[in-house]
Amino acid sequence: MQLATRVHRTLQVGRTAAIIWLSYKVPSTTRKLLGRPPADVATMSARHERTAERVLGLALSMRGVMIKMCQAIATRADVFPREFIERLKQCHDAVPAKSFERVRAVVEADLGKPLDAIFLEFEPTPVAAASLAQVHLARLQDGREVAVKVQYPDIDDIIRTDLRNMQRICRVYEFFDPQPLELLPLLQELTTHLGFELDFQREAACAKRVRDLFADDTQVKIPEVYEEWSGERTLVMERVDGIKITEKDAIVEAGLDPAHVVQDLMHIYVRMILAAGFFQADPHPGNLFVTPEGRIIVIDFGLSKELPEGFGLGLFELMFSLMTFNESAMVRAFEELGFRSKTGDPNTFLLLARRMVSRSDSGSFEGEFTEQMTDELFEAIREDPVAEVPSDFVLVARVFSFLSGIAHTLGSRANVLQAMGATGN
Amino acid sequence: MSAQTEPTTDQVDYTEQELLSDVSCVEPLIANGVRCHGGFDEDGQYRSPRTRFRTPAITAWQRQLEHQGHDLLQISPDLIPPTHPSVAQAKLLLTNGAREPIVRALTIISIVEGFGAMIRDVKVPNLRERVADPIDGTALDHLTQGLFEAHARDESGYRDEGGHKQMWEAARDAALENPKIPGDVLMRLMGRRGRRGGAQPLFPEIGEPLERMLGLMANVLVVEVIAEETFEWGISLLSDPSVSAAPDAAGAMIAHIRADEKPHVEYLRTALSEVRARDLKTIDGKILPGRAVIDGLLHRTLREITRNRPREQREDIREGLEAQVAHTPNARALLEEFDALESSWTPPETTGFEPRDAA
């Protein structure tokens, strides 16, 4: 990447960060000096709204890591105000595609052969383009139809520059603000996840692992990665066609019941997360399809994650305690999952649990109630940030949030227990 | 509905609050440090939770049904498959240090008990519209007026009172001294239960919500009846001092669960018998005998469970066992001895609920 581009990106991020910081700091300092009370909820909400809009604008113009950063922020309801979550949720990572010639150069360099030696046909226009890579349809010499995912040529450099910029800004911000939002851990997490997504060999191994997990499940389709034709920046996969999972009309037209699709989808993720402890952590609608026969297709295993031993059972216990309002079981589950008290106060989780159990008389395992309880939990932690939420939990909550969005779109809800195959006792 | 006679003088209408209310106890039930539901009366006798009105109510509904000339449906004890591993096999494993399969089995039982909470999420259609005969003052009329909720609370616990889930965990932890829970518990559980797609409708003419509700009730009833064998197994195993560190406490805990489950079996068989004694309205306004529907659903459930459950349990245990003892010097001998203790069981040819041609 050219020096001028680097400087330009640095200045853009720095300028926006300074404007945001001042937009919060100036009014609050002025109020303090004038002896006025802090701004009311409506004023703060409007300010959050404006700021979130500004961040979104920056991300859409800069793409790359900024998009990923916004997506990460949108998952942290325990850290950021609701206005940020709502606005930045809209941040999708569709970007203009790179030219075919640049793609060809990457594939040929990566696989060490001319394109024609590997592929009988290679569609020059990509079918999808995201922040790190784009996908082309092709046909191998032996006639197999494939999808080829190719990493952008200069993506490593862009990511390094953007991450460095954001790290500097976070440090400056933490220096000036005595009670900062904890942005550096978030950035660290983002760095880890981007590392996963750029490692195509890891992605191939993850896809195989999930494919093996569902090998005997006729309702799930995980495309095979052809490792002999894949490299560090190129993945060649079995081509699979299906209806995008949020296209309800097309699903109904195919004779499928959207409620079954939702339940099957929930089953797949519950099985990966709770039972296998290893999951594809990016179930946005662009990565999920349904075949006309009703099989769920899952693609893109770049962001896949192994959970610590016992995490699935711990998560199940937490869900269970939330749904049955069992305070002491909730406290045990928080601790087993790795939630930590920032103050060291042993009552931290008891107070958190009390807030959760006080909200209703009777629980439910229906999707809507589960979502409400998760929202309530994050809100409680954000309002009184004494608990440190483990990053694995955040990632899992993000997955369930995506699934919930898909369920909404399909006009149905999933029941967690049913997804586990429960029939009751 | 036939054989309508004078009503009984028993009280047959109850509020939800009544059906959820407890008998008074002087001492709570504490299981391995966890406060559980129920408790002990002045005579030191265990009293199940939420039975102050629920037990007499179920008796009254059953008397009423009998008074009206209808039978309570009965699932034959011959249909209950033995628990695998048998008590003798389980003791063999525990005394030889192969604890994991038993810890896993007990943990799965506790989770499945907790799954009982989903009964409160059952969508109940308007039964006054879907049942052709009156349902006032029946168990059927009280499903959403406390019966399902009481069942859910009994199984999964409610607020800070543990239910059967926590009681099985407590029995396991006391008897086996807080064992490490195998990491594959949920995978094993879902591997067996995770088949999706649901059963094909048997009676599409009554509509999916009604069939789903009745099917789930039939299924839960069968599981509850079969659980009787599991309680016997649990009590025999965990109250044996040669394998249990807390034979009295662990055995008693399972006996309490067994006592708590009785109202579940009784209200479910009562409500399903009430449907059996009535006609159902199909979605196009025709009439279908409730007996045909209930018997059809029970027959299917019983046939599936009696055929599949023993095999699934055997496979689960065998798989876990082989993996656990693979590296031990006496693995082969242990497996041989385990297999020698295998009891054979063949499900009866009939379930007692075979569809009738006339239906």
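Going by the structure above, here's the rest.
Cut-offs and rules
Residues numbered from 1 in each chain as written. Chains lettered and ligands numbered in written order. Predicted model: local features only at pLDDT ≥ 70, side-chain atom pairs only at ≥ 80, totals over all residues. Pairing = 2+ DSSP bridges. Helix = DSSP H or I, 4+ residues; strand = E, 2+ residues; numbered from the N terminus. Contact = placed C-beta atoms within 7 Å. Axes fitted to C-alpha atoms, helices over the stretch in contact; angles between N-to-C directions. Expected span 1.5 Å × (residues − 1). Buried ≥ 20, exposed ≤ 12 C-beta atoms within 10 Å, placed from the backbone. Arc of directions from axis to C-beta. Nonpolar A, V, L, I, M, F, W, Y, C, P; charged D, E, K, R; others polar. Left-handed = near helix turned anticlockwise from the far one by under 90°.

Chemist: Help me understand the sheet that holds strand β5 (residues 220-221) of chain A, please; the structure alone is not making it clear to me.
Modeler: Sheet strands pair by backbone hydrogen bonding; their relative direction is either parallel or antiparallel. Residues and elements named next belong to chain A. Ordered by their spatial adjacency, 4 strands build an open sheet running β5-β10-β9-β7, and the pairing between neighbours is mixed. Of all the strands in the sheet, the pair left with one neighbour each is β5 and β7 (243-244). Two elements, β5 and strand β10 (residues 296-298), share 2 bridges in a ladder whose sense is parallel. Paired with V220 across the bridge in β10 is I296. Those strands touched by helix α11 (residues 258-276) are β5, β9 (288-290) and β10, and its axis lies near 40 degrees from that of β10.

Chemist: Sorry if this is basic, but what is going on with helix α2 (residues 54-67) of chain B here?
Modeler: Each turn of an α-helix holds 3.6 residues, which means side chains three or four residues apart point in the same direction. Residues and elements named next belong to chain B. Here α2 spans 20 Å end to end across 14 residues, near enough to the 20 Å set by a 1.5 Å rise per residue. Among the residues of α2, those classed as buried are R54, A57, I58, A60, W61, Q64 and L65. All buried residues of α2 project into a common sector of 160 degrees when viewed along the axis, lining one side. At its buried positions, α2 is contacted by α1 (16-19), α6 (143-156) and α10 (247-276).

Chemist: I tried to follow the interface of chain A and chain B on my own but got confused; where do I start?
Modeler: The parts lose accessible area when they come together, and the size of an interface is often stated as this lost area. Counting residues at the interface gives 34 residues for chain A and 33 residues for chain B. Sorting the residues of the side of chain A that touches chain B by element identifies α11, α12 (311-324), α13 (327-337) and α17 (416-419) of chain A as the ones contributing at least two each. Ranked by the residues each element gives to the side of chain A that touches chain B, the list is headed by α11(A), at 7 residues. Of the residues belonging to the side of chain A that touches chain B, the class tally is 13 nonpolar, 16 polar and 5 charged.

Chemist: Explain α13(A) here, please?
Modeler: Of all the residues in α13(A), the buried ones are A:A329, A:M330, A:V331, A:A333, A:F334 and A:L337. For α13(A), the elements touching its buried residues are α12, α14 (348-357) and α16 (391-409) of chain A.

Chemist: I tried to follow the environment of B:L321 on my own but got confused; where do I start?
Modeler: Residues and elements named next belong to chain B. With respect to the element layout, L321 can be found in helix α11 (residues 290-325). In this structure L321 comes out as buried when scored by C-beta crowding, with 21 C-beta atoms within 10 Å. Between the C-alpha atom of L321 and that of R99, which follows or precedes it by 222 residues, the distance is 9.2 Å. Not counting residues up to four positions away in its chain, the partners in contact with L321 are A98, P101 and F338.

Chemist: Whenever I open this one, the environment of A:M69 confuses me. Can you help?
Modeler: All names here are of chain A. Inspection of the secondary structure assignment puts M69 in helix α3 (residues 64-74). The class of M69 is buried, set by 25 C-beta atoms lying within 10 Å. Between the C-alpha atom of M69 and that of L186, which follows or precedes it by 117 residues, the distance is 8.7 Å. When near neighbours in sequence (up to four residues on either side) are disregarded, M69 contacts A59, M166 and L190.

Chemist: Which parts of the structure should I look at to understand the packing of helix α4 (residues 100-115) of chain B against α11(B)?
Modeler: Helix packing for two helices is described by the angle between their axes and how far apart those axes are. Residue and element names in this part refer to chain B. Where α4 contacts α11, the two axes come as close as 9 Å, and the packing angle between them is 145 degrees. Considering the relative orientation of α4 and α11, their crossing is right-handed. Contacts between α4 and α11 involve E100, P101, R104 and A105 from the first element and I317, G320, L321 and Q324 from the second. Residue composition of the contact of α4 with α11, by class: 4 nonpolar, 2 polar and 2 charged.

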